[in-house]
Amino acid sequence: MTTKQIEVSILGQSYRLVTSPENEPALREAAERVDREMNKVRATSSVRGHERIAVMAALSIASELLQLHKSMRHSEACPTEEIQRTIAKINNRLAIVIRQNNLVAPLSKA
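We now turn to the structure provided with this report. All values derive from a computational prediction rather than experimental measurement.

Rules behind the numbers
- Residues numbered from 1 in each chain as written.
- Predicted model: local features only at pLDDT ≥ 70, side-chain atom pairs only at ≥ 80, totals over all residues.
- Heavy atoms only, no water.
- Helix = DSSP H or I, 4+ residues; strand = E, 2+ residues; numbered from the N terminus.
- Contact = heavy atoms within 4.5 Å.
- Polar contact = N/O pair within 3.5 Å; in protein donor to acceptor, adjacent residues only side chain to side chain.
- Salt bridge = Lys/Arg side-chain N within 4 Å of Asp/Glu carboxyl O.
- Buried < 20%, exposed > 50% of the residue type's maximum accessible area, 1.4 Å probe, protein only.

### What to know about the environment of E7
Reasoning step 1: Relative to the assigned elements, E7 resides in strand 1 (residues 4-10).
Reasoning step 2: Those residues within four positions of E7 in sequence are excluded, and the remaining contacts are S14, Y15, R16 and R28.
Reasoning step 3: In this structure the side chain of E7 is engaged in a polar contact, spanning 3.3 Å, whose partner is the side chain of S14.

Printed below as a string of structure tokens:
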């Protein structure tokens, strides 16, 4: 497995990270998310000090993740694969109904 070093900035501080090329986009996106959350904590609260800001940002992100997991367990959120399967089933049913009833509409001319 090949790895590469990348540099990200979080709360104005540079960090060098090692990642595989295929994981680089996700790692950069995660670093941007952490940076946004830490900047939000710094801007909207009286919390000072990078360590305390990092803890508050981590708690906020963890809370969002737990809410997402909880909603998925209670079927409030649907995984992408399930959505794709449902759409495929609907499309198949529509195709059958269209064929059975000769409901093919002529193409409109633009």
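### Some details on the pattern of salt bridges
Reasoning step 1: Scanning the entire structure with this criterion turns up six salt bridges.
Reasoning step 2: Note that E64 is salt-bridged to R33, the shortest N-O span being 2.6 Å. Of the two residues, E64 sits in helix 2 (residues 50-73) while R33 sits in helix 1 (residues 24-44), which places them 31 residues apart along the sequence.
Reasoning step 3: Classification of E64 as partly exposed rests on a relative accessible area of 42%.
Reasoning step 4: The exposure class of R33 is partly exposed, given its relative accessible area of 21%.
Reasoning step 5: One salt bridge connects K40 with E37, and the closest N-O pair in it is separated by 3.6 Å. Of the two residues, K40 and E37 are both situated in helix 1; the distance of three residues between them amounts to about one turn of the helix.
Reasoning step 6: Look at the salt bridges and you will find they share partners, linking R33, E37, K40 and E64 into a network.

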